[in-house]
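Spelled out from the first residue to the last, the chains are:
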Amino acid sequence: MGQSVREILSLYNPSTSLERAWTIPAPWYFDERIAALERDAVFAGAWQVAGRADQVRVPGQFFTADVAGEPLVVARGEDGVLRAFFNVCRHHAAAVVPEARGCAKNFRCPYHGWTYGTDGALKGMVEFEGVRDFDRAQNGLIPVRLDVWENFIFVNLDGRAAPLAEFLGQAAPLTAPLELSQSLRFFDRRVYTLNCNWKVYIDNYLDGGYHVPHAHKDLSSVIDYPNYTIENYERCCLQSSPLASDNSSDAATAATRQGRAFYLWIYPNFMINSYAGVMDTNLVLPLGVNKCAVIFDYYFSDLSPATEARNRQSIAVSEKVQDEDMAICDSVQRGLASRAYLAGRLSVRREAGEYLFHHLLHADLTAALARSPVP
Ligand code: FES
Ligand SMILES: [Fe+2]
């Protein structure tokens, strides 16, 4: 018989210092029960980015999203209030809003035609005369807790997370100098599917530039590697590096990676990456134990036609880095499943971010297990 969830969790020892620490053990990356526990403890319990405020500026605008396996709809009501709901019809559970995005006065369920307002209220039921003990006012779409920071719409599925500002902690003051809302505009999106557990991607992101000279030759040609810094906060990690290019640097990378590299990870799965006038966000979504999606949203300070080519060039540079990361992440996932591997050690100079990630994850999973014991 295999190990219990409790045994798998206890393979990780959170009380060692970074100098003596091991990574979280391999079964955390492929055991279905750990993935189920994470869905509850990490993704339903935390604030999760569901979309962007620029998608729902006008009353009636909406988009749908999947957060931790839950179908959601985010809509700005006629009253101007932004709300999130489970996109689940109160009649027989069909998705009331099948479209990815749009603008509507009402939502009409495509199954039997019940209508809801953009504020979630149930407005009408087809052929429902004679039904007793049914209170229309009690049968609106079920709301989901929502809050907004900068251009990012967050939701908290279980309603129990600390207030968003508290959850974000230092992330807000750390990003203040970037002037996200004032200086940067959304430009384009890319979605990548990887054959690895979501945590492999986060680990890769949080290795303090350790892999950059080996896996990203072009990016490495502009990063001032010795002066790369890693700072841990309660629930976020900031990696930052001066940039320096010379005539041996990759030209496209040097042209689009200027100023200072700023890489902020916010637990558990959201990252903000910026250079002068350039930003992208990464949202990492688990799609199974060995599959995840990463959504890249690209922002630039200048969206004028004159800068279109440079903005496209910046995205191409990012895509190359992402291709390189995907190959590594897929390889790591295969290795984690090998009988040859259980866990690894961490570089003190580089991998403090991973150490923080593993601690936070361990704390959330063990707390959830204590609340609802599973075998
Ligand atoms: S499931 Fe929506 S109207 Fe029947
Ligand atoms: Fe990378």
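Being a predicted model, the structure only gives us computed values, none of them experimental.

**Examining the sheet that holds strand β10 (residues 152-156)**
Then comes step 1: The sheet built from 7 strands is open, its strands ordered β1-β10-β9-β4-β3-β2-β5 with antiparallel pairing. Each edge of the open sheet carries a strand with a single partner, namely β1 (48-52) and β5 (101-103). Each adjacent strand pair in this sheet contributes to an overall mean axis angle of 30°, direction not counted.
Then comes step 2: In this sheet, strand β4 (residues 82-86) lies alongside strand β3 (residues 70-76) in antiparallel orientation, the contact comprising 5 bridges. Bridge pairing in β4 links V74 to A84.

**So, the sheet that holds strand β13 (residues 236-242)**
Then comes step 1: Strand order in the open sheet made by the 7 strands is β11-β17-β16-β15-β14-β13-β12, with antiparallel pairing throughout. Sheet topology places β11 (185-194) and β12 (229-232) at the edges, where each strand pairs with a single neighbour. The sheet shows a mean angle of 15° between the axes of neighbouring strands, direction not considered.
Then comes step 2: In this structure, β12 lies alongside β13, joined through 4 bridges in antiparallel fashion. Residue pairing across strands places E231 opposite L238, the latter belonging to β13.

**Some thoughts on unusual backbone geometry**
Generally, phi is negative for residues other than glycine and the peptide bonds are trans, each holding for most cases.
Then comes step 1: Look at the link from Y267 to P268: it is a cis peptide, with omega at 0°.
Then comes step 2: Positive phi, close to 50°, is recorded for A68, a residue that is not glycine.
Then comes step 3: Residue placement: A68 occurs in the loop between β2 (61-67) and β3.
Then comes step 4: Residues other than glycine seldom take positive phi values, yet D133 does so here, at roughly 55°.
Then comes step 5: Mapped onto the secondary structure, D133 falls in the loop between β8 (122-124) and β9 (143-149).

Thresholds applied
- Residues numbered from 1 in each chain as written.
- Chains lettered and ligands numbered in written order.
- Predicted model: local features only at pLDDT ≥ 70, side-chain atom pairs only at ≥ 80, totals over all residues.
- Pairing = 2+ DSSP bridges.
- Helix = DSSP H or I, 4+ residues; strand = E, 2+ residues; numbered from the N terminus.
- Axes fitted to C-alpha atoms, helices over the stretch in contact; angles between N-to-C directions.

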